[in-house]
Amino acid sequence: NAGVMQNPRHLVRRRGQEARLRCSPMKGHSHVYWYRQLPEEGLKFMVYLQKENIIDESGMPKERFSAEFPKEGPSILRIQQVVRGDSAAYFCASSPRGDFTDTQYFGPGTRLTVL
Amino acid sequence: GQQVMQIPQYQHVQEGEDFTTYCNSSTTLSNIQWYKQRPGGHPVFLIQLVKSGEVKKQKRLTFQFGEAKKNSSLHITATQTTDVGTYFCAGSSGGSYIPTFGRGTSLIVHP
């Protein structure tokens with residue numbers, strides 16, 4: 001029973017390039033959440049998606065960031081024209097029901113470094 | 001918006017000593033969850049509290065949810081080096097499915 005999978009685990013990009021982060025939820029989970037974590041800080045919510053729908057993107061910057069969760073395939077967090085301030089760990093979590101009692105299961109994260 | 005404060009930010013203890021981290025919310029919570037993140041790792045779910053005044057135990061860990069559902073604590077008895085990591089609380093309120101995470105308490109256990 002595979003857990004939440006994220007790839008790549010480490011990603012290095014130069015300023016101005018694009019970063020694509022992938023997340024495959026646990027089997028049977030249709031709710032995906034993306035978080036960003038800066039060093040020695042907590043997790044900041046970015047976006048909540050269900051299959052083919054963005055439910056809540058209140059934590060996502062309006063520009064350069066986008067997310068999708070297609071009917072087939074993993075959820076993707078896309079960062080265009082990366083800047084140094086985008087360097088962080090990006091975690092994806094999935095849950096089965098999407099209600100407030102749900103448990104979120106986190107993936108191993110993608111550590112993004114922008115040079 | 002909802003804010004979740006967690007103290008202390010860091011805690012150094014000698015192995016065998018007890019440890020407590022506190023979580024306070026600016027709003028009444030529907031529930032609170034606790035996670036542990038090892039250095040270089042990812043958050044791992046520990047427990048969820050839903051009821052006012054609820055107390056749950058997992059071996060040496062005791063979790064409490066305040067009567068007003070605005071604060072919570074995690075207490076570890078007789079710490080071990082395997083307890084090292086950052087402990088996060090995360091609370092949801094107002095019907096939101098999105099938990100707000102505290103900044104975490106990093107526990108350092110000295111052998």
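This text follows the structure it describes.
Residues numbered from 1 in each chain as written. Chains lettered and ligands numbered in written order. Predicted model: local features only at pLDDT ≥ 70, side-chain atom pairs only at ≥ 80, totals over all residues. Heavy atoms only, no water.

## Quick notes on the overall build of chain B
Filter applied, for reference: Counting from the N terminus, the helices are the DSSP runs of H or I reaching at least four residues and the strands are the DSSP runs of E reaching at least two. A 1.4 Å probe and the Shrake-Rupley method give the accessible areas. Residues count as covered only by the protein chains that appear here. Think of it this way: Lys and Arg go in the positive column, Asp and Glu in the negative one, and His and the chain ends go nowhere. Think of each charge as sitting on NZ of Lys, CZ of Arg, CG of Asp or CD of Glu.
When helices and strands are counted, chain B shows zero helices and eleven strands. Start at the N end of chain B and walk to the C end: the helices and strands fall as β-β-β-β-β-β-β-β-β-β-β. Surface summary for chain B: the accessible area is close to 5300 Å², and the carbon and sulfur share equals 52%. Taken as two groups, the 10 positive and 6 negative side-chain charges of chain B have centres that lie 9 Å from each other.

## Digging into the overall build of chain A
We count it as follows: Put simply, the radius of gyration uses C-alpha atoms, and a globule should come to 2.2 Å times the residue count raised to 0.38. Accessible area is worked out with a 1.4 Å probe on protein chains only. A residue is then buried under 20% of its type maximum, exposed over 50%, and partly exposed in between. Residues count as neighbours in contact if any of their non-hydrogen atoms are within 4.5 Å of one another.
A tally of regular secondary structure across chain A gives zero helices and eleven strands. Starting at the N terminus and ending at the C terminus, chain A contains elements arranged as β-β-β-β-β-β-β-β-β-β-β. Over its C-alpha atoms chain A spans a radius of gyration of 13 Å, differing by no more than 12% from the 13 Å that the globule rule assigns to 115 residues. C-alpha atoms of chain A, sized along the principal axes, occupy 40 × 25 × 25 Å. Scored against the burial criterion, the 115 residues of chain A give a buried share of 44%. Of all intrachain contacts in chain A linking residues separated by at least 6 positions in sequence, the fraction that spans at least 24 positions is 52%. Computing the positive centroid from 17 side-chain charges and the negative centroid from 12, chain A places the two 8 Å apart.

## Thoughts on the pairing of strand 11 (residues 110-114) of chain A
All names here are of chain A. The following threshold applies: Only strands joined by at least two bridges in the DSSP assignment are considered to pair.
Here strand 11 shows one buried face, formed by Thr110, Leu112 and Val114, and one open face, formed by Arg111 and Thr113. Two strands pair when backbone bridges link them, and strand 9 (residues 88-95) and strand 11 are joined in this way by three bridges, in the antiparallel orientation. Bridging from a neighbouring strand, Tyr90 pairs with Thr110 of strand 11.

## Points about the sheet that holds strand 3 (residues 19-24) of chain A
Residue and element names in this part refer to chain A. For clarity, the threshold we go by: Fitting a line to C-alpha atoms yields each axis, with helices limited to the stretch in contact; the angle taken between N-to-C directions then spans 0 to 180 degrees.
Pairing is antiparallel across the open sheet formed by four strands, whose spatial order is 1-3-8-7. The strands lining the two open edges of the sheet, one partner per strand, are strand 1 (5-7) and strand 7 (65-68). Each strand axis lies, on average, 15° off the axis of its neighbour in the sheet, ignoring direction. Bridge count for strand 1 against strand 3 is three bridges, and the pairing is antiparallel. The residue bridging Gln6 from the neighbouring strand is Cys23, located in strand 3.

## Topic: the state of the cysteines
Test applied: By convention in this document, the label disulfide applies to cysteine sulfur atom pairs within 2.5 Å.
In this structure the tally under the stated criterion is two disulfides over all chains. Cys23 of chain A shares a disulfide with Cys92 of chain A; S-S distance 1.7 Å. In this pair, Cys23 of chain A is assigned in strand 3 and Cys92 of chain A in strand 9, connecting sequence segments 69 residues apart. Of the two residues, Cys23 of chain A and Cys92 of chain A, both sit in the buried class. The disulfide bridge from Cys23 of chain B ends at Cys89 of chain B, spanning 2.0 Å between sulfur atoms. On the sign convention where negative means left-handed, the S-S torsion of about 75° between Cys23 of chain B and Cys89 of chain B marks this disulfide as right-handed. Of this pair, Cys23 of chain B sits in strand 3 (residues 19-25) while Cys89 of chain B is found in strand 9 (residues 85-92), placing the two residues 66 residues apart along the sequence. Residue Cys23 of chain B shares its accessibility class with Cys89 of chain B, and that shared class is buried.

## Overview of the sheet that holds strand 6 (residues 55-58) of chain B
All names here are of chain B. Strand order in the open sheet made by the five strands is 1-3-8-7-6, with antiparallel pairing throughout. Of all the strands in the sheet, just strand 1 (4-7) and strand 6 have a single pairing partner and so form its edges. The mean angle between the axes of side-by-side strands here comes to 15°, regardless of whether they run parallel or antiparallel. Pairing of strand 3 with strand 8 (residues 71-76), which is carried by six bridges, proceeds in the antiparallel orientation. From the neighbouring strand, Tyr22 faces strand 8, where its bridge partner is Ser73.

## Some details on the side chain of Ser94 of chain A
Mapped onto the fold, Ser94 of chain A is located in strand 9. Setting aside its immediate chain neighbours within four residues, Ser94 of chain A contacts Val4, Pro25, Met26, His29, His31, Val32, Thr103, Gln104 and Tyr105 of chain A.

## Things to note about the pattern of salt bridges
Residues and elements named next belong to chain A. Quick reminder of the rule: Salt bridges are defined by distance alone: a side-chain nitrogen of Lys or Arg within 4 Å of a carboxyl oxygen of Asp or Glu.
Per the stated rule, a full pass over the model turns up five salt bridges over all chains. For Arg20, the salt bridge identified is with Glu18, shortest N-O distance 2.8 Å. Among the residues examined, Glu18 registers a relative accessible area of 29% and is labelled partly exposed. Among the salt bridges present, the one from Arg78 reaches Glu18, with a minimum N-O distance of 2.9 Å. Of this pair, Arg78 sits in strand 8 (residues 75-79) while Glu18 sits in the loop between strand 2 (10-13) and strand 3, placing them 60 residues apart in sequence. Assessed through its relative accessible area of 26%, Arg78 is described here as partly exposed.

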